[in-house]
There are 2 protein chains.
Amino acid sequence: MKKVIYYHAGCPVCMSAEENILQFIPSEQLTMVHLGNEPEKVAEAESRGVASVPALVLPNGNVLHINFGASIEDLK
Amino acid sequence: MKKVIYYHAGCPVCMSAEENILQFIPSEQLTMVHLGNEPEKVAEAESRGVASVPALVLPNGNVLHINFGASIEDLK
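Residues numbered from 1 in each chain as written. Chains lettered and ligands numbered in written order. Predicted model: local features only at pLDDT ≥ 70, side-chain atom pairs only at ≥ 80, totals over all residues. Heavy atoms only, no water.

Peer 1: Before we go on, may I ask you to explain the side chain of A:His65 in this structure?
Peer 2: Looking at where A:His65 falls in the secondary structure, it is placed in strand β4 (residues 63-71). At 2.9 Å, the side chain of A:His65 and the backbone nitrogen of A:Ala51 are in polar contact. In contact with A:His65, other than residues within four places in its own chain, are A:Gly49, A:Val50, A:Ala51, A:Ser52, A:Pro54, A:Ala55, B:His65, B:Ile66 and B:Asn67. (Helix = DSSP H or I, 4+ residues; strand = E, 2+ residues; numbered from the N terminus. Polar contact = N/O pair within 3.5 Å; in protein donor to acceptor, adjacent residues only side chain to side chain. Contact = heavy atoms within 4.5 Å.)

Peer 1: Whenever I open this one, the state of the cysteines confuses me. Can you help?
Peer 2: Two cysteines whose sulfur atoms are joined by a covalent bond form what is called a disulfide. Residues and elements named next belong to chain A. As enumerated under the stated definition, the model contains two disulfides over all chains in all. There is a disulfide in this structure between Cys11 and Cys14, and the S-S distance comes to 2.3 Å. One disulfide, between Cys11 and Cys14, carries an S-S torsion of 65° and so falls in the right-handed class. With respect to burial, Cys11 and Cys14 carry one shared label: buried. (Disulfide = S-S within 2.5 Å. Buried < 20%, exposed > 50% of the residue type's maximum accessible area, 1.4 Å probe, protein only.)

Rendered as structure tokens:
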């Protein structure tokens, strides 16, 4: 099963979004990536179309930016 | 059961987001509001914290802005 990737940076907007998202997407379907703790994955996120966090990358490749916590530029 | 309200304006970003959201939220849990067709609901959406569409207003009152289709200001 291909998972949904949740990119975040531990910010308050990210934490709140995460709580809400978990109401709809079971945690076993989610891969969490904290770009603050794993800065080597920022380029990967950007190449997938993530412009800001929090964001979901769906199995079909679509990106859903959820509210606005931080720009991907600010995580580099 | 309190439903999730999906505010949109029929824009391409809205349509794409809708398709993705329906993968996670069953349609019977969603109330769709097309603010282009129901402009009298723009004030209601704004009072709930919707700043742009597409957006979800959750039963707990939290608002998830999904990507960016149009500002609520532009729908007035």
